Each structure stands twice: as C-alpha cells, then as structure tokens.
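Residue-level listing of the chains:
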Amino acid sequence: MFIVLLGAPGSGKGTISKLLSEKLNIPHISTGDLFRDNLKNETPLGKTAKEYIDKGELVPDEITVKMLVQELEKSSYSGAILDGFPRTEKQAEELDNLLLANNKMVDIVINVEVPFEEIVDRIASRRNCKNCSEIYNIHYNPPKVEGICDACGGELYQREDQKPEVVNNRLEVYKNTSSRLIDYYKDNKKLYQVQAGDSANKTSSDVAEELIKYIKENFKS
Ligand code: ADP
Ligand code: ZN
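Scoring rules and cut-offs
Residues numbered from 1 in each chain as written. Chains lettered and ligands numbered in written order. Predicted model: local features only at pLDDT ≥ 70, side-chain atom pairs only at ≥ 80, totals over all residues. Heavy atoms only, no water. Helix = DSSP H or I, 4+ residues; strand = E, 2+ residues; numbered from the N terminus. Near = heavy atom within 4 Å. Polar contact = N/O pair within 3.5 Å; in protein donor to acceptor, adjacent residues only side chain to side chain. Areas by Shrake-Rupley, 256 points an atom, 1.4 Å probe, with all protein chains shown as cover. Axes fitted to C-alpha atoms, helices over the stretch in contact; angles between N-to-C directions. Parallel < 35°, antiparallel > 145°, perpendicular 65-115°, else oblique. Left-handed = near helix turned anticlockwise from the far one by under 90°. Contact = heavy atoms within 4.5 Å.

1. Overview of unusual backbone geometry
Here comes step 1: Cis geometry marks the peptide bond from Phe85 to Pro86, where omega comes out at -5°.
Here comes step 2: Here Pro86 is to be found in the loop between strand 3 (80-83) and helix 5 (89-101).
Here comes step 3: For Tyr77, which is not glycine, the phi dihedral falls at a positive 55°.
Here comes step 4: Mapping Tyr77 onto the fold places it in the loop between helix 4 (61-74) and strand 3.

2. With respect to the site of ligand 1
Here comes step 1: Lining the immediate surroundings of ligand 1 are 19 residues, of which Lys13, Thr31, Glu57, Gly84 and Arg170 lie closest.
Here comes step 2: Taking Lys13, its side chain carries an N or O atom lying 2.7 Å from an oxygen atom of ligand 1.
Here comes step 3: The separation between a nitrogen atom of ligand 1 and a polar side-chain atom of Gln91 is 2.9 Å.
Here comes step 4: Bound to the protein, ligand 1 loses 97% of the 550 Å² it would expose on its own.

3. Regarding the packing of helix 1 (residues 13-24) against helix 8 (residues 204-218)
Helix packing for two helices is described by the angle between their axes and how far apart those axes are.
Here comes step 1: For the pair helix 1 and helix 8, the least separation of the axes is 9 Å and the interaxial angle reads 50°. Judged by the inter-axis angle, helix 1 sits oblique to helix 8. As helix 1 runs across helix 8, the sense of the crossing is right-handed. Contacts between helix 1 and helix 8 involve Thr15, Ile16, Leu19, Leu20, Lys23 and Leu24 from the first element and Ser204, Ser205, Val207, Ala208, Glu209, Leu211, Ile212, Ile215 and Lys216 from the second.

What follows is the structure in structure tokens.
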C-alpha cells in the first residue's frame, strides 16, 4: 500500500508517518530525512540540496525524484508511507507514472491540517535526534531525559532550518504549493483530510489512531 502524507512543516506529519509505519508495518520514506542523511554524509546530493534547504526552498524536482526512485527501488516498490513527497504537482505526476509502471498506485492521500498560528509555535519547540531523526516537542512530547533521545540515546538538536526566517520561508513555500497539490488529489477522490493539533484537541498519536481506523476500514487487502 502506498500512502502519501501532506501537511505543512510542523503539522506533525513526520511523527504521524512514523506511527503509521510502525503500526501498519509499511516502510516510512521521508524525503526531508533522506536529504538530511545526505547532508550529514556530505554526499554530492547533500551538497546540492543544502543550498535550497538552508533557505527553506524546495529542492528541484529532478533531484528529489531521482532520490525517491532510488529509495523505492531498494524496497522493490512494495509499499511506503511517503512523508514530504510529493510537494509539487510535477512530483505527484512523476510518482503516479512511476507506480503505474510497477503496477502500483497511490492508495490513499492524507492531508494533516493544523492552523498556521499553531504551527509557528510548534516548530520553535521541536527537537530532533541527531542519530535516528526521532522527533520531540519540548512542551507536548518531551524526551524522558532532557536533550537525549528515548529511542536510541542520541543527542537532540534543533534543526538549522527551524530558525524563524527560514521557517517563514518554508511556510510561504508551503502556502504557494500546497493548494494545487491538494486539488490534484481531490480530483482523484483519494484525499482524506484530518484536523490535527491543539485546536482540534488531538495529539499525533490520536491522529494516527484515527487514520489507522480509516485505512483499515477502507483498504482491506
Ligand atoms: P518540513 O516538512 O518540516 O518542512 P522536511 O523534513 O519534510 O521538513 O523537509 C525539509 C526540507 O527538505 C524542505 O524545506 C525542502 O528544502 C527539502 N525537501 C523535502 N522534501 C522535498 C520535496 N519533496 N521536494 C523538494 N524539496 C524537499
Ligand atoms: Zn534517536
């Protein structure tokens, strides 16, 4: 099964994707995490991507799609929770073609909706594990020991692109690209919209529960 998660930076889609991946036993592919792995290992891809990521801009489609293809090939296109991909209409089309060529398709698209005021707040209090990329929030989902990852004992840090100027740019990019992407999937009638965040009174695990219920009811295999 191929599940796409859409949502603004800070919407919780990364955390929700990880929970879905564990509970449904489907690999989690985050293009943001893949880029960060490449940055850490200073690969040529990482060096190219850094210019864009540091400014909060999208990495060009061609580069991003190539990276995703490699990742899907590793898992022989058996299924994935796609987190942060597609981000543009072009990427969505490429994904459809790619899956079609392997007799697969996007089965479900989830849009995680959180009000913008809340998002800015959330991003500022977010921390990531340097080692395993687990996500924490120092207010809502703190680690048991400050600064240390519960999952692997790694060191927690604040991502370079969580600085206010870069965050604003990421949100701006999101506003400019998301509605067309949502329309793309709306037309395919694959879209499930879920309200998340404090104003909806739901944690990421509440949202994940709701989604699992929906997926199990709608996609019996
Ligand atoms: P967030 O969703 O919180 O912005 P991600 O970890 O998904 O963070 O992405 C971090 C950065 O990686 C983005 O700001 C962008 O520069 C780049 N990126 C990730 N996914 C894509 C994509 N599908 N297309 C283009 N750039 C991407
Ligand atoms: Zn960790």
